[in-house]
Amino acid sequence: MLEIKNIHKTFFKGTINEKQALIDVSLKLEDGDFVTVIGGNGAGKSTIIKSIVGIQTISGGAITVCGYDVQTQPVEAKTQIGFVPDHYALYEKLKQDLKKEGLFDFDDMIQEAVRILKTDKGFCLTLSERYQFIMLDEFQDTNSIQYELLTLLAGKDSHVHFVNYTTGDITRRLAEYKAIEEKALALADDIPESDVGATLVGCDQG
Ligand SMILES: Nc1ncnc2c1ncn2[C@@H]1O[C@H](COP(=O)(O)OP(=O)(O)OP(=O)(O)O)[C@@H](O)[C@H]1O
Ligand SMILES: [Mg+2]
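Residues numbered from 1 in each chain as written. Chains lettered and ligands numbered in written order. Predicted model: local features only at pLDDT ≥ 70, side-chain atom pairs only at ≥ 80, totals over all residues.

1. Details of the site of ligand 1
Part 1 of the reasoning: Taken together, F11, K19, A21, G39, N41, G42, A43, G44, K45, S46 and T47 make up the full set of residues near ligand 1.
Part 2 of the reasoning: Going through the elements one at a time, β2 (19-29) and α1 (45-53) are the ones with two or more residues in the shell around ligand 1.
Part 3 of the reasoning: Ranked by residue count, the leading element in the shell around ligand 1 is α1, at 3 residues.
Part 4 of the reasoning: For the shell around ligand 1, the class distribution of residues is 3 nonpolar, 6 polar and 2 charged. (Near = placed C-beta within 6 Å. Helix = DSSP H or I, 4+ residues; strand = E, 2+ residues; numbered from the N terminus. Nonpolar A, V, L, I, M, F, W, Y, C, P; charged D, E, K, R; others polar.)

2. Details of the sheet that holds strand β1 (residues 2-11)
Part 1 of the reasoning: Spatially, β2-β1-β3-β4 is the arrangement adopted by the 4 strands of the open sheet, whose pairing is antiparallel. One side of each edge strand has no neighbouring strand; the edge strands of this open sheet are β2 and β4 (68-69).
Part 2 of the reasoning: Pairing of β1 with β2, which is carried by 7 bridges, proceeds in the antiparallel orientation. Directly across from F11, in β2, lies its bridge partner K19.
Part 3 of the reasoning: Here α1 sits on the sheet in contact with β1, β2 and β3 (60-65), set at roughly 65° to β2. (Pairing = 2+ DSSP bridges. Contact = placed C-beta atoms within 7 Å. Axes fitted to C-alpha atoms, helices over the stretch in contact; angles between N-to-C directions.)

3. With respect to the environment of A21
Part 1 of the reasoning: Residue position: A21 is located in strand β2.
Part 2 of the reasoning: Spatially, the C-alpha atom of A21 lies 10 Å from that of I58, the residues being 37 residues apart in sequence.
Part 3 of the reasoning: Not counting residues up to four positions away in its chain, the partners in contact with A21 are K9, F11, G44 and T47.

Have a look at this one:
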């Protein structure tokens, strides 16, 4: 499944900073094996992991993952591996690059909108006055950041309409309607200065 055969790793070879991080390391794992690598700081643990997942080259030896050589078949080997790094360097870099280009990750767009609306109260008021009708699809799936955006966008005269689905027999549906009503009233409470009530309209057929 995973075979590490006599691998070596030397950083800055041939320079005054030369550092042998791994010397003749071998390991063989079969299906279902569970292994923990233990060692002091600088012992080479991360270097072994990075070599296996192919984000760092090795200076000698060979590593195969499910029969794929990580050096000569890197794509095939990587499709067999999951990796949780100790530092999210790629994510940080992605965020920096997006910022440089003036772009947003789709998920960050709501977060950024909430940040702006919370810091610029005047802008928030202008928008909440402009959007008199707010339509919200699948209210039951609203997550906390979407909910926060909704409460920021809705002003005291706003009309918030949402669609929620219910399933099951009549008893279950009635219980669900009750839960939706409570959720709607809680939403009205969370909209500043709102005197909104909740009206529920059932729709059983398409
Ligand atoms: N990119 C690099 N350039 C130069 N030297 C490095 C590099 N990465 C690691 N080293 C050196 O290789 C040796 C092994 O480092 P490694 O990060 O694998 O240790 P570790 O066992 O993961 O330690 P820690 O417990 O601190 O995470 C250390 O001496 C380290 O300074
Ligand atoms: Mg480490």
